[in-house]
Structures are given as C-alpha cells and as structure tokens.
Amino acid sequence: MAHKVLFNIPDRELGKSDIKFKVKNDSEVVGMLEVSKGGLVWYRKGNSYGNKIGWSKLDSIMKDMPRREKR
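Heads up: these notes are all about the structure in this document. Not measured: the values here are computed from a predicted model. (Residues numbered from 1 in each chain as written. Predicted model: local features only at pLDDT ≥ 70, side-chain atom pairs only at ≥ 80, totals over all residues. Heavy atoms only, no water.)

1. Describing the overall build of the protein
This is how it is decided: Secondary structure elements are defined from DSSP: runs of H or I of at least 4 residues count as helices, runs of E of at least 2 residues count as strands, and each element is numbered from the N terminus. Here a residue-residue contact requires only that any non-hydrogen atoms of the pair lie within 4.5 Å. Exposure was quantified through the Shrake-Rupley algorithm and a 1.4 Å probe, taking into account, for residues, occlusion by the shown protein chains and nothing else. Only four residue types enter the tally: Lys and Arg on the positive side, Asp and Glu on the negative side, with His and both chain ends excluded. The location of each charge is read from NZ of Lys, CZ of Arg, CG of Asp or CD of Glu.
Secondary structure summary: the protein contains one helix and five strands in total. For the protein, the α and β elements follow one another from N to C terminus as β-β-β-β-β-α. In terms of overall dimensions, the protein has a C-alpha envelope of 35 × 30 × 25 Å along the principal axes. Looking at the protein alone, contacts between residues at least 24 apart form 3% of all its contacts between residues at least 6 apart. With an accessible surface of roughly 6,400 Å², the protein has 50% of that area assigned to carbon and sulfur atoms. Between the centroid of the 16 positive side chains of the protein and the centroid of its 9 negative side chains there is a distance of 1 Å.

2. Comments concerning the sheet that holds strand E4 (residues 39–44)
Basically, it comes down to this: Two strands are said to pair when DSSP picks up at least two bridges between them. To define axes, lines are fitted to C-alpha atoms, for helices over the stretch in contact only, and angles between the resulting N-to-C directions are given on a 0 to 180 degree scale.
Read from one edge of the open sheet, five strands run E1-E2-E3-E4-E5, paired in antiparallel fashion. What marks the edges here is a single partner per strand, and that holds for strand E1 (4–8) and strand E5 (51–54). With direction set aside, neighbouring strand axes in the sheet form an average angle of 20°. With six bridges joining them, strand E3 (residues 28–36) and E4 adopt antiparallel strand pairing. Across the sheet, the residue bridging to Met32 is Tyr43, located in E4.

As structure tokens, this is what we get:
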C-alpha cells in the first residue's frame, strides 16, 4: 500500500527551520518526519515525543540494509 507524503519547505536555510513531512496512509495521518541539520526525528501519530537519529547513525544503518535501490 502506497503512502501519501505531503511536505512544506520553509523559506529559510535548513538548520534554522526543520523541513516537515506529513505522512498519510489513505486519509489517515501515520506520522510526521522532521529533517534538520542534525538529523531526522520521527513522530508517530498523536505523540509529542519523537525518535531521533543523527546523520552518521543513519548512514551506518543504511549501509547494512540488504536491499539496494538504484537512483
């Protein structure tokens, strides 16, 4: 099932203001992904606290992923 991803890019430099992606499954919000200079934070639907990962840690995790996609 495909997810609908909506985003709003603020009219500022990244690092001073996060880019926020609202992720929907059909018409229901699944969560919010915030991208900043420091990394990513995933907020599940209805949660005030998110799960944060830095860019170095994300790179390390993605190197170990078995499936690769061509750009």
